[in-house]
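Observations on the model geometry
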Amino acid sequence: LNYRNYIALGYSRYFNRASCQGGFSKNELDYLKQQNISTIIDLRCHRSSRGDLDFVYDNYFQYYNCGLVIRLFSTSDDVCILVNEYMNIVGQHTVIRDILKLIADAPNNVLVYCSWGKDRTGIIASLVLLIAGVSKENIVKDYAMTECEIYTFLCTNHDDRIPDSFLHAEASYMEQFIDSFNRKY
């Protein structure tokens, strides 16, 4: 579980982000409970197995699947393609609105996650941080922290069809995304 909590939503509630390639272990679920996380938002479009969702049957958690579409396969390693995909994520207005509303209305702490915790989760985290008034510099630093956290997974699960820019969380990627986002919105 690649996990961080870092932003107060007010009233002692926190927004948390994570990655999860498979299901959560019992120890991870216990940890989430200790962190007072009761709302879990899964940003993946498709679940690989029902075993992924064992926690749904635990009445403690409120689970929401708000799939965001991202196309990871491209013939180019151009960083602009990655930034464009990030803008395409933000362009899924209805889903983005639903996610932000779930975060705002959650009774306790919130966990948002996807497979790698970098692209979909990184974009939602950056939007929450932007709304909260966090500086661009700190948002970029937070995104870049993901590089270390996903390294082991990517080394063991590398797919040659995925360009290198999609396999890293370099600060420049988030800088370019925020600049594009600010220009458009």
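Residues numbered from 1 in each chain as written. Predicted model: local features only at pLDDT ≥ 70, side-chain atom pairs only at ≥ 80, totals over all residues. Heavy atoms only, no water.

Comments concerning the nonpolar core
Defined as follows: Here, nonpolar core refers to any group of buried Ala, Val, Leu, Ile, Met, Phe, Trp, Tyr and Cys residues whose side-chain atoms link them within 4.5 Å. Relative accessibility under 20% of the residue-type maximum defines a buried residue, over 50% an exposed one, and the middle range a partly exposed one, all with a 1.4 Å probe and only protein chains included. Here a helix means four or more residues in a row that DSSP labels H or I, a strand means two or more in a row labelled E, and each is numbered from the N terminus. When checking whether two residues touch, look at their non-hydrogen atoms; a contact exists if any pair is within 4.5 Å.
Ranked by size, the top nonpolar core spans 35 residues in total, and within it Ile41, Ile103, Ile124 and Phe177 carry the most contacts. The set of elements that each furnish at least two residues to this core consists of α2 (79–90), α3 (93–105), β5 (109–114), α4 (120–131), α5 (136–156) and α6 (171–184). Top contributing element to this core by residue count: α4, with 6 residues. Among residues more than four places away in sequence, those in contact with Ile124 are Phe15, Leu43, Leu68, Ile96, Ile99, Ile103 and Val112. By size, the runner-up hydrophobic cluster in this structure holds 11 residues, among which are Ala18, Leu29, Ile40 and Tyr63.

With respect to the pairing of strand β3 (residues 37–42)
Short version of the rule: By this definition, two strands are paired if DSSP reports at least two bridges between them.
Among the 6 residues that make up β3, 6 are buried, leaving the element largely enclosed by the rest of the structure. Across 5 bridges, the pairing between β3 and β5 is parallel. Bridge pairing links Asp42 to Tyr113 in β5. Pairing between β3 and strand β4 (residues 62–65): 4 bridges, direction parallel. Bridging from a neighbouring strand, Ile41 pairs with Tyr64 of β4.

Observations concerning the side chain of Ser180
Residue placement: Ser180 occurs in helix α6. Ignoring sequence-local partners within four residues, the contact set of Ser180 consists of Val83 and Met87.

Overview of the packing of aromatic side chains
Inclusion rule: Only Phe, Tyr and Trp rings take part, Trp by its six-membered ring, and two of them pair if their centres are within 6.5 Å. Stacked means planes under 30 degrees apart, edge-to-face means over 60, and tilted covers everything else.
Within this structure, the stated rule accounts for 6 aromatic pairs. Judged by centre distance (5.1 Å) and plane angle (85°), the ring pair of Tyr60 and Phe61 falls under edge-to-face. When its relative accessible area of 30% is taken as the criterion, Tyr60 is described as partly exposed. Look at Phe177 and Phe181: their rings are 5.9 Å apart centre to centre, the planes differ by 40°, and that puts the pair in the tilted class.

A word on helix α1 (residues 26–34)
For the record, the criterion: The directions considered for the arc are those from the helix axis to the C-beta atoms.
Of the residues making up α1, those classed as buried are Glu28, Leu29 and Leu32. Viewed end-on, α1 has its buried residues packed into an arc of 100°, placing them on one side of the element. Opposite the buried face of α1, by more than 90 degrees, sit the exposed residues Lys26, Asn27 and Gln34. One or two steps after α1, the chain reaches Asn36, where phi turns positive at roughly 60°.

Quick look at the pairing of strand β2 (residues 13–19)
Each regular strand carries side chains that alternate between the two faces of the sheet. Burial of β2 is extensive: 6 of the 7 residues sit out of reach of the surface. Bridging between β2 and β5 involves 5 bridges; their strand directions are parallel. Looking at the pairing, Arg17 lines up with Val112 of β5.

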